[in-house]
Amino acid sequence: MADRGGVGEAAAVGASPASVPGLNPTLGWRKRLRAGLAGTGASLWFVAGLGLLYALRIPLRLCENLAAVTVFLNSLTPKFYVALTGTSSLISGLIFIFEWWYFHKHGTSFIEQVSVSHLQPLMGGTESSISEPGSPSRNRENETSRQNLSVMQKAWRERNPPARIKAAYQALELNNDCATAYVLLAEEEATTIVDAERLFKQALKAGETIYRQSQQCQHQSPQHEAQLRRDTNVLVYIKRRLAMCARKLGRIREAVKIMRDLMKEFPPLTMLNIHENLLESLLELQAYADVQAVLAKYDDISLPKSAAICYTAALLKTRTVSEKFSPETASRRGLSTAEINAVEAIHRAVEFNPHVPKYLLEMKSLILPPEHILKRGDSEAIAYAFFHLQHWKRIEGALNLLECTWEGTFRMIPYPLEKGHLFYPYPSCTETADRELLPTFHHVSVYPKKELPLFIHFTAGFCSSTAMIAILTHQFPEIMGIFAKAVLGLWCPQPWASSGFEENTQDLKSEDLGLSSG
């Protein structure tokens, strides 16, 4: 996430009144004509190159040289290809080792850093190339913007927090209106929510300026449109973080207003999960009707789900019946329609993320949520329980109903577990990802597996042990005979049983010896 302030300024200064969208109706066909001429020019250069090569085929003796190359390649032995393959593998291994060492030391790939820092400016791939050259002051702004962009790209790739903070200050020295530098400082350097809010307000002021400039230039080129999308994401992120700061500082109605305005102004940006923050704030205000209105809009089959959506929907349905719910009464008279709806909502939520109930019921210790979460994973369960446990406790009987019904979900999920009931099958890769996101001292919750019945375990063990005894008896008959004699001696200490077994064993040995001699 890098600042685009200098680029937007340069584009705004360099744009004449005729280039403003809506004032130049001929801008579209001019762009198409320029693109067509560029494509035609490339084709002409290609044809000219082929013609030049054909004209010089005799002076350059291309046919003779091609024949010589063919003879040389045919004369190569397999040893050459083995040596070539080994050398290339050795070089690739050295490059891999160097990349691994460089990434662990600097937090970024050496090849990627070189391509971003040196190759893209030469190929015109940086965002600074979207402004056309003009006056020296505009060129200086473009150069400042390019340097600022490079600094912030390195800052976000750094794994060391002090290095990220240092890079953010370097970006502010180049451009005091670098919104993303303020964002980085607010998240990395601020020690209190008040300090973070102050930095986010500075980022908001700079981000709004850059966003307005990007809106004016969005139709000039595809690069300007991409810049507008980036600046929009930065602005929405800043406002969302300001709303979360207001929520933490107790200004809940202000936070709700900011979130509602964001959802109205930028409805497509559902990937930022602003509605989940809105749900939590409305639950804190106990505005359950507003919570239901938000769920009616976002708890749709075509939209991605989350633990916040599923468990909040279950909480609202539980709220209507939890106060008078009793397991003994329900077992005698059966469940009412409202209770059935509440239980089904709980089962739906548990199927989406089965780790949440143990944290809500305090069966597992709760820790601080990680910086990143994985949908349907243990990290999402921790984050949800950390912020929503108080809302479940506020509704009397909600946790009691959850405790009585949540384990019944696993009897409804089809077996084997590769199938799903209401959602897609639970992914098997969440445990590995959660171990990377969560601290090492935390015991990661895993998906509850269906246990096999005792009869299946007994049958499998009995068949395996019988097969093992048969194999051992076939391979070592004398040893197994002595072992069986000892076992029967322990179980049947009567003398007749022991002597009878000895006679039978002696007869078997005689038969074996007779077969051997025969």
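Residues numbered from 1 in each chain as written. Predicted model: local features only at pLDDT ≥ 70, side-chain atom pairs only at ≥ 80, totals over all residues. Heavy atoms only, no water.

What follows concerns the environment of Pro162. The residue Pro162 is located in helix α7 (residues 161-174) in this model. When the C-alpha positions of Pro162 and Glu189 are compared, they lie 8.7 Å apart, and in sequence the two are 27 residues distant. (Helix = DSSP H or I, 4+ residues; strand = E, 2+ residues; numbered from the N terminus.)

To continue, consider the side chain of Thr405. With respect to the helices, strands and loops of the structure, Thr405 is situated in helix α19 (residues 398-405). Its relative accessible area of 11% is what places Thr405 among the buried residues. One polar contact links the side chain of Thr405 to the main-chain carbonyl oxygen of Leu401, over a distance of 2.7 Å. Contact partners of Thr405, with chain neighbours within four places excluded, come to Val343, Ile346 and His347. (Buried < 20%, exposed > 50% of the residue type's maximum accessible area, 1.4 Å probe, protein only. Polar contact = N/O pair within 3.5 Å; in protein donor to acceptor, adjacent residues only side chain to side chain. Contact = heavy atoms within 4.5 Å.)

It is worth spelling out the side chain of Thr312 at this point. By the element assignment, Thr312 lies in helix α14 (residues 307-319). Here Ala308 takes part through its backbone oxygen, which lies 2.5 Å from a polar atom of the side chain of Thr312. Setting aside its immediate chain neighbours within four residues, Thr312 contacts Leu283, Val291, Leu295, Ala307, Tyr384 and His388.

By the definition in use, this model includes 6 aromatic pairs. Aromatic side chains Tyr211 and Phe266 sit 6.3 Å apart centroid to centroid with 75 degrees between the ring planes, which places their arrangement in the edge-to-face category. Highlighted residues: Tyr211 in helix α9 (residues 193-216) and Phe266 in the loop between α11 (252-265) and α12 (274-284), separated in sequence by 55 residues. For the pair Tyr211 and Phe266, one class covers both residues: buried. On the basis of an interplanar angle of 80 degrees and a centroid distance of 5.1 Å, the ring pair of Phe386 and Phe387 is categorised as edge-to-face. A residue is classified by how much of its surface remains accessible, and Phe386, at 34% relative accessible area, is partly exposed. Ring pairing ties together the aromatic residues Phe98, Trp101 and Tyr102, which thus form one cluster. (Phe/Tyr/Trp six-rings, centres within 6.5 Å; stacked < 30°, edge-to-face > 60°.)

What follows is about the nonpolar core. Core analysis: the biggest nonpolar cluster contains 91 residues, and Phe200, Ile238, Tyr311, Leu360, Tyr384, Trp392 and Leu402 have the highest contact counts within it. The element contributing the most residues to this core is helix α10 (residues 222-248), with 10 residues. Filtering out sequence-adjacent residues up to four positions away, Ile238 remains in contact with Ala179, Val183, Phe200, Ala203 and Leu204. (Core = buried A, V, L, I, M, F, W, Y, C linked by side-chain atoms within 4.5 Å.)

A separate point is unusual backbone geometry. Unusually for a residue other than glycine, Glu362 sits at a positive phi of about 60 degrees. Within the element layout of this structure, Glu362 appears in the loop between α17 (356-360) and α18 (378-394). Phi is positive for Arg376, which is not a glycine, with a value near 70 degrees. Of note, Arg376 is situated in the loop between α17 and α18.

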